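# An overview of the molecular structure
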Amino acid sequence: MTREHYGGRSTVRRPASIKDVAAAAGVSPTTVSHVLSGNRPVNEETAARVRGVVNRLGYVPASLARSLQAGSTSVIGLLIPDITNTFFAELAKGAEDAAHDLGYGLILCNTEFDADREDRYLGMIRSRFIDGMVYASGSAPSRRRLEALMGKFPIALADEEVEGLEGALIATADHEAGGRLVGEHLRELGHRRALMLTGPRALRSGVARAHGFVQAFRGDVVAREGDFKEASGHRLVARLLEEGGLDRTAVFAANDLMAFGALTALREAGLSVPGDVSVVGFDDIRAASLAHPPLTTVHQPAYDVGRTATAQLLQYVTRGEVPPASRHTLPVSLKVRGSTAPPAR
């Protein structure tokens, strides 16, 4: 109930009901329910009209209103950049399992590595009633936006850190150690000239992988910036081949998808892997062992990253205090498969 004043008198206004929303939007209460739950498809124009009325009337479902009175919604948000990448699907599964174990629901936002889309999702999350958010960035994150959100609820960073963000819980793999493992492996095989396909420079995970690789490889490295998508791995390698050939005996891609793109470009140019060029990825997604040839790659525990970040978040939410270990760096390992071999003499 809210109390409004008119001409010195006060009037009690009852909360908007689902029937009020339906009447104002010109639809049935069932349609409103479908729009809010997402359980049934609704025409986008109709859905947009319903959401507009919900916002205008300030409608809150009865179940959510009861949760808010108790000080909790038992819902958290999860923001990831690419649900089609099985690394993030595994991370999301770990997050969902951790939430489920404690009786929490999870709202999934998929940004498609698009900064504008991510920004819109963060704005939407800010206006929703949730108890916290697990954030796995795929684009250059807005520190100020996240700091504003942290004023409303706690945030756990999964897989990716954000420069200058204080107070967030962190769960990430050891990206720099993974880069070192790749550099050591290729150097031990005898490689001295490598092409490195990095992730976006704004993301600390890709920078750490590149730094570890260069330190351990200690050879001639040419770097090209990609975007963690398969198409960019293909485009970058194909462009170098078109410009006069690939004067490299090895390619290190900062994730498996870009490595797959590199494999395709090399095959299209008539080069064999690993006969002519060795290729290494990062993540060890499920398709890596099924590639042709099977991909040598760094295994990082995506499921454990998602689960650990969410467990930290919910420990904070349920106890109201920062967990003793608010930062977790999980170990990585190198999976040596058929895509790497000593360079041809």
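Here, every reference points to the structure presented above.
These numbers come from a predicted model, not from an experiment.

The subject of this paragraph is the sheet that holds strand S9 (residues 220–225). Taken in spatial order, the 6 strands line up as S9-S8-S10-S11-S12-S14 in an open sheet, and their pairing is mixed. Of all the strands in the sheet, the pair left with one neighbour each is S9 and strand S14 (333–335). The average undirected angle you get between the axes of adjacent strands in this sheet is 20 degrees. With 6 bridges connecting them, strand S8 (residues 193–198) and S9 associate as parallel partners. Looking at the pairing, arginine 193 lines up with aspartate 220 of S9. Contacts from helix H8 (residues 175–189) reach strand S10 (250–253), strand S11 (278–283), strand S12 (296–299) and S14 within the one sheet, and its direction differs from that of S11 by about 165 degrees. Relative to S11, helix H11 (residues 256–268) is tilted by about 160 degrees, and along the sheet it contacts S8, S10, S11 and S12.

Between helix H5 (residues 86–101) and helix H12 (residues 302–319), the least distance of the axes is 7 Å, while the angle of their chain directions is 35 degrees. In this structure, the crossing between H5 and H12 has a hand that is right-handed. Across the interface between the two elements, Phe87, Glu90, Leu91, Lys93, Gly94, Ala95, Asp97, Ala98, Ala99 and Asp101 from H5 touch Ala302, Tyr303, Val305, Gly306, Arg307, Thr310, Ala311 and Leu314 from H12. Split into classes, the residues belonging to the contact of H5 with H12 amount to 10 nonpolar, 3 polar and 5 charged.

A few words on the side chain of serine 278. Among the structural elements, serine 278 can be located in strand S11. Reaching out from serine 278, the side chain makes a polar contact with the side chain of histidine 191 at a distance of 3.3 Å. Within the structure, serine 278 has its side chain in polar contact with the backbone nitrogen of alanine 341 (distance 3.0 Å). Serine 278 has contacts with Leu186, His191, Thr249, Ala250, Val251, Ser339, Thr340 and Ala341, leaving out every residue within four places of it along the chain.

Cut-offs applied
- Residues numbered from 1 in each chain as written.
- Predicted model: local features only at pLDDT ≥ 70, side-chain atom pairs only at ≥ 80, totals over all residues.
- Heavy atoms only, no water.
- Pairing = 2+ DSSP bridges.
- Helix = DSSP H or I, 4+ residues; strand = E, 2+ residues; numbered from the N terminus.
- Axes fitted to C-alpha atoms, helices over the stretch in contact; angles between N-to-C directions.
- Contact = heavy atoms within 4.5 Å.
- Left-handed = near helix turned anticlockwise from the far one by under 90°.
- Nonpolar A, V, L, I, M, F, W, Y, C, P; charged D, E, K, R; others polar.
- Polar contact = N/O pair within 3.5 Å; in protein donor to acceptor, adjacent residues only side chain to side chain.

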